[in-house]
Amino acid sequence: RMAHPLPETETELAHRLLHRLPPEQRGQVFAVSGRDHYVDVQTGQGTASLLLRFADAVAELNPTAGGQVHRSHWVAWDAIVAVEREGVRLFLMLKHGQRVPVSKNHREKLEQRGLI
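Rules of the game
- Residues numbered from 1 in each chain as written.
- Predicted model: local features only at pLDDT ≥ 70, side-chain atom pairs only at ≥ 80, totals over all residues.
- Heavy atoms only, no water.
- Core = buried A, V, L, I, M, F, W, Y, C linked by side-chain atoms within 4.5 Å.
- Buried < 20%, exposed > 50% of the residue type's maximum accessible area, 1.4 Å probe, protein only.
- Helix = DSSP H or I, 4+ residues; strand = E, 2+ residues; numbered from the N terminus.
- Contact = heavy atoms within 4.5 Å.
- Pairing = 2+ DSSP bridges.

Enquirer: Please explain the nonpolar core as it appears in this structure.
Expert: It is characteristic of soluble globular proteins that their nonpolar side chains tend to be buried jointly. Judged by nonpolar contacts, the single largest core of 29 residues is most densely connected at V32 and V75. Within the residue set of this core, elements represented by two or more residues are α1 (10-20), β1 (29-35), β2 (38-43), β3 (46-51), α2 (54-61), β5 (73-76), β7 (89-94) and β8 (99-102).

Enquirer: Please clarify how the environment of V39 should be interpreted in this entry.
Expert: Topologically, V39 is positioned in strand β2. Among the residues examined, V39 registers a relative accessible area of 0% and is labelled buried. Considering only alpha carbons, one finds V39 and L52, 13 residues apart in sequence, at a separation of 6.1 Å. Once you skip the residues sitting within four places of it in the chain, V39 turns out to touch V32, S33, G34, A48, S49, L50, L52, R53, F54 and A57.

Enquirer: Whenever I open this one, the pairing of strand β4 (residues 66-70) confuses me. Can you help?
Expert: One ladder, built from 4 bridges, connects β4 with β5; its direction is antiparallel. Looking at β5, one finds that G66 is bridged to A76. Here β4 hands over to β5 after 2 residues, the two strands then running antiparallel side by side.

What follows is the structure, given as structure tokens:
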């Protein structure tokens, strides 16, 4: 028997990733980073690691306003506080202090938002 009957609403989809987190770490999602077979989910309440594919974690974030900025990094648009350049490389500084690399393939998303 399935825990979530289909069809699911966007709200249910958005909350699925949060429900995987320990209750004390549920909050606004700032970033998700893939690491081996795990994802690190950074929220306003801290970081939690989940045994989950990065692509599945990103799918469960919809419709949260954010985007994938690197092969293994997703960020919430409202978590970005600064953009740093090191030569040709770009990094995003997030509210909680994390520094996330931006790959060339994903720069257009930042240009469209007026961030770079």
